[in-house]
Amino acid sequence: MRPIPSSIRTLLKNKIMLGANGPTQQVILLDKPVGEGLTNAVPAKRIWLSREEDAIAQRCTIEFDNVNPVDHKDPGYYMPYRTNEFTGHIQNEWHFQLIPSKRISVQLGYGSELVDVFLGSIDDVIFNAEPGGYSVTLDCRDLGSILVDDMMIGDDPDEPYWVAFADMDVSNIVKTALLAKGWTSENVTVDLSGLILDIDFERQTVADLIDWAIDVTGYQFYIDENGKAFFVEATDKNPRSSDETFVCTQGEEISLGHWPIVLDSQEVRSAPSGGGTLFTKDTDYTINFSTGKLVPIVGGGIASSSTIYVSYVYAAWVFRHGEDIFRLPYTLSRRNQYGKIVVEGDGESATWEAPSPAWDTRTTSPNRVMFVSKPEATEISECQEIADKMGLDMLRRYGTVEFAAVAVPWLQVGDCIQVIEYSSTVSEIYRIVSVEFEYSPGNAVMTIRAYHFGYSAI
Amino acid sequence: MSDSWGGTLLNISEYHRLPAERFFSEKELLPDPSTLSTVPETVLQGSGRYRKRRELTGYCTKATFDTLETDYYSGTAKDLQCDDGFSMSAIIEKFTSASRKLGSGEIADLVFFTLTFIEAGGET
C-alpha cells in the first residue's frame, strides 16, 4: 500500500475535482531525447490501465491525437517514419520514437499530486486515420512482458535453451532468473522459501519458471508500479501497520495511526516483533475498530507508563455511498466453492471440509472435491495447513464486489479497502484482486474487483 | 480600438464572447439515504478547457469577404483583435450566415456575415 496524501483524501471526499485539482496524467517516453525545445511527454488524451492479481504482465493503453499540437494542419506529426522526402512533411523530433519496445512510464493523479502507476514498453502502435481526425493508440505491457515473452538462456552454447539450477532455494532460483533478464539486485525482493531444489528447464520462459515457483512454494509474485519485482510469502494482510509504539496510561485513549481496522486483526503486545505478552481485548484494553481508538482498561494487564506495541490490518480507503461509489454489483457465487479440498503431499494427505450449511444457510455438496497435488509437503501437518489456507481463501471469494468509483491511483492490487453501500448492506473489508483505471481530463474512474476479507465496525 | 482579422478591418455590429467550455463531467453516485435532500449525490471532475471562440456579426466588402473565405478553406491562422481589447491567434471555424443585399452602389458591394473564430494557439 502506498501512502495517500491527506490533501487527496480531502479533495476526493469533497466530490469536486475541477481546474487545478482536476484529474491529471503524465505519460513519458523514457528513451526519447529531451533538451531545448524537445519533449518526451506524450500528449495523452485517454488512458486505460489494468492490473490483475494473477497476471505476470499488466496492460496500459494510451490514446492521443496524431496532429502537430501547434499546427492543426499538420497531421501525422507523431509518425515514426515521417521524412522530408514525403512532400508536405518535415521530419521532426518524433522520428523513430513511437516504436514497439520503447519504454513508457505513466503517472496519474489530481492537480500536481501524481503517483507512478505504470512502467513498461510499447507492444503495439496503431496510427488511425479517419476523415474526422488522426489518432495514435499505444498498447503497452509492463516489465512482466519480458518474463512472458523471452526464453531463458543457459550457459551452454550447444544447448542455449537449457538452464539448470543446482541446490538452490526456490526463491533464489527466481531471483537468478530475474537478474538474467536485466533486473538489478536492489530491484528484486525475495523471501527465502527454505525449499532447496535441483531443477532444470528447457525451452521455458521466466514466466514458466515463476509459475512453477509459485506452485511449489505458495508464494506470490508481482512487479510493482516502479518495475521492482517481488517473490514473497503470500499475504492478504495489506495494508498492515506493525509495532506502532505507545507509552500508555490506564483509562486514557490512544489514537492508532490508521482506521478503520479489520475486526480482531489487532495484536497488542508488551514487546515488538511478536514478542512479550499478548494482551487480551476487553480484559486488558478496549478498541474501537471504526475510529482506531484504543484504551488500556483500568485494572487490566497493561500497566500505566508501560510501552505497548500494536499491529493490525486496516483499510487503505473507505468507499462509501454518497461519496465516491458510482455503481456496485455484489455477487454471491458458489461456482468456485468446493465441499472438500484434499491436499496430497509426498506420501501424506489432508482434507479441509467446507461448513455446510454455512452461516448464511447455503449448502455445498461434500462430493464436490478439489484435489491438490503438493509433493513438496512431506508432513501431514503441512498438508493440513495448505488445505486450511486454501479453504479459508475459497470461502472468502464466495462474496465479491466489482464496483466503479472515483479513481484513487494510489491503491494497489492486494490492498484491503472498506466498502459501504446502503442497498446491498455491504460494509465489510474487501481485498482488491484487480483494478482498472480509465483516465482523461474530464473523467477519472476506477473499477475494482475485490473479495470479502473480514469485518469492520461502521 | 476596432475589430480586425489579420490587420483587415471588420465592421462588427454584434459580438458573442461565451467563455470556452471546460472539460467537465458530473457523475451520479450511489446515494447516501441519510443525506438525500441535503447534499448533492454527484461528483464533478474536469481539468483543462476547450478552445476559445468568438462569434462576430457584421459586414465587409466583397473583396474582404473573399479573403475571409480563402482563410476559412485554408485554415489560416491570423490575429483576431476585438474592440474590447481581446485578441487571439485564431482560425475561422464556421460561417453561420453570409448574404448580399439587392441594390446598387455601395451596398451592392457588401456582404453581411456571422462567423465564428476559434483559438489557434495561445492568446496573443
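Preceding this section is the structure that the text describes.
This structure is a prediction, so every number in the text was calculated from the model and none was measured. (Residues numbered from 1 in each chain as written. Chains lettered and ligands numbered in written order. Predicted model: local features only at pLDDT ≥ 70, side-chain atom pairs only at ≥ 80, totals over all residues. Heavy atoms only, no water.)

Caption draft 1: Region of the structure containing the overall build of chain A. When you go through chain A residue by residue, the secondary structure sums to 5 helices and 29 strands. When its C-alpha atoms are laid out on the principal axes, chain A stretches across 85 × 60 × 45 Å. Sorting the 458 residues of chain A into buried and exposed places 48% on the buried side. For chain A, the share of sequence-separated contacts (at least 6 apart) that also reach a separation of at least 24 residues comes to 67%. Of the roughly 21,900 Å² of accessible surface on chain A, a fraction of 49% belongs to carbon and sulfur atoms. Charged side chains in chain A number 36 positive and 65 negative. The centres of these two groups are separated by 7 Å. (Helix = DSSP H or I, 4+ residues; strand = E, 2+ residues; numbered from the N terminus. Buried < 20%, exposed > 50% of the residue type's maximum accessible area, 1.4 Å probe, protein only. Contact = heavy atoms within 4.5 Å. Areas by Shrake-Rupley, 256 points an atom, 1.4 Å probe, with all protein chains shown as cover. Lys, Arg positive; Asp, Glu negative; His and termini not counted. Charge placed at Lys NZ, Arg CZ, Asp CG, Glu CD.)

Caption draft 2: Region of the structure containing the nonpolar core. Core analysis: the largest hydrophobic core is formed by 61 residues, its most contacted members being I62, Y110, F319 and L411 of chain A. Judged by nonpolar contacts, the second largest core, of 29 residues, contains L147, M152, V206 and I210 of chain A. (Core = buried A, V, L, I, M, F, W, Y, C linked by side-chain atoms within 4.5 Å.)

Caption draft 3: Structural context of the sheet that holds strand β15 (residues 254-255) of chain A. Residue and element names in this part refer to chain A. Pairing is antiparallel in the open sheet, where 3 strands are placed in the order β15-β18-β17. Where the open sheet ends on each side, the last strands, each with one partner, are β15 and β17 (285-288). Looking at chain direction, β15 and strand β18 (residues 293-296) are connected through 2 bridges and run antiparallel. Note that in β18 the partner of S255 across the bridge is K293. (Pairing = 2+ DSSP bridges.)

Caption draft 4: Inspection of the packing of aromatic side chains at higher detail. A full pass over the atoms with the stated rule returns 18 aromatic pairs over all chains. When the centroid spacing of 6.2 Å and the interplanar angle of 50° are considered together, the rings of W317 of chain A and F319 of chain A count as tilted. In this structure F319 of chain A comes out as buried when scored by relative accessible area, which is 0%. Considering the side-chain rings of F23 of chain B and Y50 of chain B, the 4.7 Å spacing of their centres and the 85° angle between planes classify their relative orientation as edge-to-face. In this pair, F23 of chain B is assigned in the loop between β3 (11-16) and β4 (25-28) and Y50 of chain B in the loop between β5 (42-46) and β6 (53-61), connecting sequence segments 27 residues apart. When its relative accessible area of 23% is taken as the criterion, F23 of chain B is described as partly exposed. Joined through ring pairs, the aromatic side chains of F64, Y77, Y78 and W94 of chain A make up one cluster. Cation over ring: K32 of chain A sits above W94 of chain A, and NZ or CZ is 4.8 Å from the ring centre. (Phe/Tyr/Trp six-rings, centres within 6.5 Å; stacked < 30°, edge-to-face > 60°. Lys NZ or Arg CZ within 6 Å of the ring centre and 35° of its normal.)

Caption draft 5: Up close: the sheet that holds strand β24 (residues 349-353) of chain A. Residue and element names in this part refer to chain A. Taken in spatial order, the 3 strands make up an open sheet running β24-β23-β25, and their pairing is mixed. Because the sheet does not close on itself, it has two edges, and the strands there are β24 and β25 (369-373). Between one strand axis and the next, the sheet turns by 15° as a mean value, whatever way the strands run. Relative to β25, strand β23 (residues 340-344) runs parallel, the two sharing 5 bridges. From the neighbouring strand, V342 faces β25, where its bridge partner is F371. Sitting on the sheet, helix α5 (residues 380-396) touches β23, β24 and β25, and the angle it makes with β24 is about 25°. (Axes fitted to C-alpha atoms, helices over the stretch in contact; angles between N-to-C directions.)

Caption draft 6: The environment of S25 of chain B, seen in detail. With respect to the secondary-structure elements, S25 of chain B resides in strand β4. Residues S25 of chain B and R53 of chain B lie 28 residues apart in sequence; the distance between their C-alpha atoms is 21 Å. Discounting residues that sit within four places of it in the chain, S25 of chain B has contacts with G442 of chain A together with V43, L44 and Q45 of chain B. A polar contact of 2.6 Å, which involves the side chain of S25 of chain B, links it to the backbone oxygen of G442 of chain A. (Polar contact = N/O pair within 3.5 Å; in protein donor to acceptor, adjacent residues only side chain to side chain.)

Caption draft 7: Seen up close, the interface of chain A and chain B. In this complex, chain A contributes 27 residues to the contact, which on the side of chain B involves 24 residues. Carbon and sulfur atoms supply 58% of the area buried between chain A and chain B, which totals about 1,900 Å² over both sides. The three residues of chain A that bury the most area against chain B are K15, L18 and F326 of chain A, which together make up 30% of that side's buried surface. Where chain A packs against chain B, one counts 0 salt bridges. For the interface between chain A and chain B, the tally reads 13 residue pairs in polar contact (both at pLDDT 80 or more). Among the residues forming the side of chain A that touches chain B, the class breakdown is 13 nonpolar, 8 polar and 6 charged. Judged from the 3 bridges that link them, strand β1 (residues 16-18) of chain A and β5 of chain B form a sheet pairing that is parallel. Residue pairing across strands places L18 of chain A opposite G46 of chain B, the latter belonging to β5 of chain B. (Buried area = accessible area lost by both parts, 1.4 Å probe. Salt bridge = Lys/Arg side-chain N within 4 Å of Asp/Glu carboxyl O. Nonpolar A, V, L, I, M, F, W, Y, C, P; charged D, E, K, R; others polar.)

Caption draft 8: Representation of the side chain of S171 of chain A in the model. Residues and elements named next belong to chain A. Relative to the helices and strands, S171 resides in helix α3 (residues 170-180). Using a relative accessible area of 0% as the deciding quantity, one classes S171 as buried. Only 2.6 Å separates the side chain of S171 from the backbone oxygen of D191, close enough to count as a polar contact. Ignoring any residue separated from it by four or fewer positions in sequence, one finds S171 in contact with V190, D191, L192, S193, Y219 and F231.

Caption draft 9: Just a nonpolar patch on the surface, in detail. Residue and element names in this part refer to chain A. A contiguous nonpolar patch, built from M151, I153 and Y161 and spanning about 290 Å² of accessible area, is present on the exposed surface. Take I153: it is sitting in the loop between α2 (144-149) and β9 (162-169). I153 gets classed as exposed once you look at its relative accessible area, which sits at 51%. (Patch = residues over 30% accessible without salt bridge, like charges linked within 9 Å, V, L, I, M, F, W, Y side chains within 5 Å.)

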